[in-house]
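# Examining the three-dimensional arrangement
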Amino acid sequence: MKNVLLVLVVLLFSFPAWAAPEGFDVSEAKALPEITFQDENNQTVDLADFKGKVMVLNLWATWCAPCVTEMPDLNTLQKRLKDKNIEIVTISMDGSIEKAETFYKKTGINALPLYWDSTRSLGFDLGFNGLPATVIVNPDGLEVARVSGPLDWLDKDIEAFLLSMAENPHGQ
């Protein structure tokens, strides 16, 4: 009986999903609802535009203090991972895209494209009750993890987790 228990414990902790950093709620890969948002030119963007890449889909707003705090780190993370098949997609939930644009200019956000949810319902559509809210999407366009609340996006465990997903997209 002890041997069976030991094998189960070893298997449980060797499964790739358990390697997720603290703060990540990892799940079996699952489909996301139809998601669209606008870019800085008011063109519609959807998740299919990012298929083939690991996507960090982050919902934020300029009125959200934790969001404002983590945006420079997300910008730095995008710079580090730009050639690694990983895309940081931050979507402003502000009342207008101009607020997000002003924030980008004021804080020097230059590696993250400017996206905006004009309906301001994307968070609810994804099942979140607050901001910041993040969904990790695998290259097949499926959700594999989510985060409710802020993180230290420059944590080496987070970067390693994202890189491992990009290098082994079906390892989840």
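Reference entry: report on the structure contained in this document. (Residues numbered from 1 in each chain as written. Predicted model: local features only at pLDDT ≥ 70, side-chain atom pairs only at ≥ 80, totals over all residues. Heavy atoms only, no water.)

## Things to note about the overall build of the protein
- A count of helices and strands for the protein gives five helices and eight strands.
- When the elements of the protein are put in sequence order from the N terminus, they spell out α-β-β-β-β-α-β-α-β-α-β-β-α.
- Scored against the burial criterion, the 172 residues of the protein give a buried share of 45%.
- The long-range fraction of contacts in the protein, counting pairs at least 24 apart against all pairs at least 6 apart in sequence, stands at 71%.
- Put simply, the protein shows about 9,200 Å² of open surface, and 53% of that area lies on carbon and sulfur atoms. (Helix = DSSP H or I, 4+ residues; strand = E, 2+ residues; numbered from the N terminus. Buried < 20%, exposed > 50% of the residue type's maximum accessible area, 1.4 Å probe, protein only. Contact = heavy atoms within 4.5 Å. Areas by Shrake-Rupley, 256 points an atom, 1.4 Å probe, with all protein chains shown as cover.)

## A word on the environment of Glu22
- Take Glu22: it is sitting in the loop between α1 (2-14) and β1 (25-30).
- C-alpha of Glu22 to C-alpha of Val147: the two residues are 125 residues apart in sequence and 9.6 Å apart in space.

## Examining the state of the cysteines
- The full count for this structure, using the stated rule, is one disulfide.
- Across a sulfur-sulfur distance of 2.3 Å, Cys64 and Cys67 are joined as a disulfide pair. The S-S bond linking Cys64 to Cys67 shows a torsion near 75 degrees; that makes this disulfide right-handed. Like Cys64, the residue Cys67 is buried in the burial classification. (Disulfide = S-S within 2.5 Å.)

## Topic: unusual backbone geometry
- The residue after Leu131, namely Pro132, is reached through a cis peptide bond having omega -5 degrees.
- Along the polypeptide, Pro132 turns up in the loop between α4 (122-125) and β7 (133-137).
- One non-glycine residue, Asn42, lies in positive phi territory at about 65 degrees.
- Within the fold, Asn42 resides in the loop between β2 (36-39) and β3 (44-46).
- Asn42 sits in the exposed class, given a relative accessible area of 54%.
- Phi angles above zero are rare outside glycine, and Asn85 is one such case at about 65 degrees.
- Tracing the sequence through the fold places Asn85 in the loop between α2 (65-81) and β5 (86-92).
- The class for Asn85 is partly exposed, based on a relative accessible area of 33%.

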